[in-house]
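Structural overview for review
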Amino acid sequence: MTTGNAFDYVQQLTRTNAASPQVETSPKAESTYTWNTISDTVKTLANFVNVSRQALDDVPWLSGTLNSELLYGLALVEEGQILSGDGLGQHMKGLILQASTYDTSKNVSGDTSLDKLRHAKLQARLAGLATFAPDGIILNPADMARIELIKDETGGDMKFTLADASE
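Below is a summary of the structure that appears in this document. Bear in mind the structure is a predicted one, so any value in this text is a computation, not a measurement.

What counts as what
- Residues numbered from 1 in each chain as written.
- Predicted model: local features only at pLDDT ≥ 70, side-chain atom pairs only at ≥ 80, totals over all residues.
- Heavy atoms only, no water.
- Salt bridge = Lys/Arg side-chain N within 4 Å of Asp/Glu carboxyl O.
- Helix = DSSP H or I, 4+ residues; strand = E, 2+ residues; numbered from the N terminus.
- Buried < 20%, exposed > 50% of the residue type's maximum accessible area, 1.4 Å probe, protein only.

What follows concerns the pattern of salt bridges. Taken as a whole and assessed by the stated rule, the structure comprises two salt bridges. As a salt-bridge pair, Lys43 and Asp40 come within 3.2 Å of each other at their nearest N and O atoms. A salt bridge links Asp143 to Arg146; the shortest N-O distance between them is 2.3 Å. In this pair, Asp143 and Arg146 both sit in helix α5 (residues 141-148), three residues apart, roughly one turn of the helix. Judged by relative accessible area, Asp143 falls into the partly exposed class, the value being 29%. Judged by relative accessible area, which is 45%, Arg146 ranks as partly exposed.

Looking now at unusual backbone geometry. Unusually for a residue other than glycine, Thr25 sits at a positive phi of about 75 degrees. You can see Thr25 is positioned in the loop between β1 (6-16) and β2 (32-41). Using a relative accessible area of 76% as the deciding quantity, one classes Thr25 as exposed.

In structure tokens form, the structure reads like this:
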């Protein structure tokens with residue numbers, strides 16, 4: 001939580017992990033980490049609807065419906081900013097524009113969308129900055145539909161579930 005319009009955070013730039021088994025009393029291996037301090041400003045997402053007090057009084061369900069619509073609209077914009085905000089002006093710095101480009105060198109002829117997701121997961125793991133294997137994948141709805149429609153050798157559905165993506 002911040003109390004002002006600006007905040008600082010750190011971003012890890014490099015990690016050199018020298019941890020190793022050690023002989024007692026021998027010099028220990030030294031790991032090295034570098035960090036960069038980044039400053040940013042708080043971004044505000046907002047909307048409103050112009051409705052008269054009389055309309056709110058006359059239609060009991062209107063207030064709840066408008067609140068739901070306004071919150072839904074905010075949630076859509078928030079998701080878009082978190083994923084693909086360009087960081088310009090009052091826009092957030094989205095994950096997509098900060099991510100590394102997918103390395104297609106691991107792709108082979110016949111790779112399915114699932115194969116490519118696995119290559120991307122490996123790429124993130126080998127990047128060195130990911131301490132743990134990625135545990136989430138963000139997909140365009142059209143890409144997810146294409147994955148869900150992958151058939152096995154007999155033409156049946158692959159029965160892919162989101163839980164399968166963690167392996």
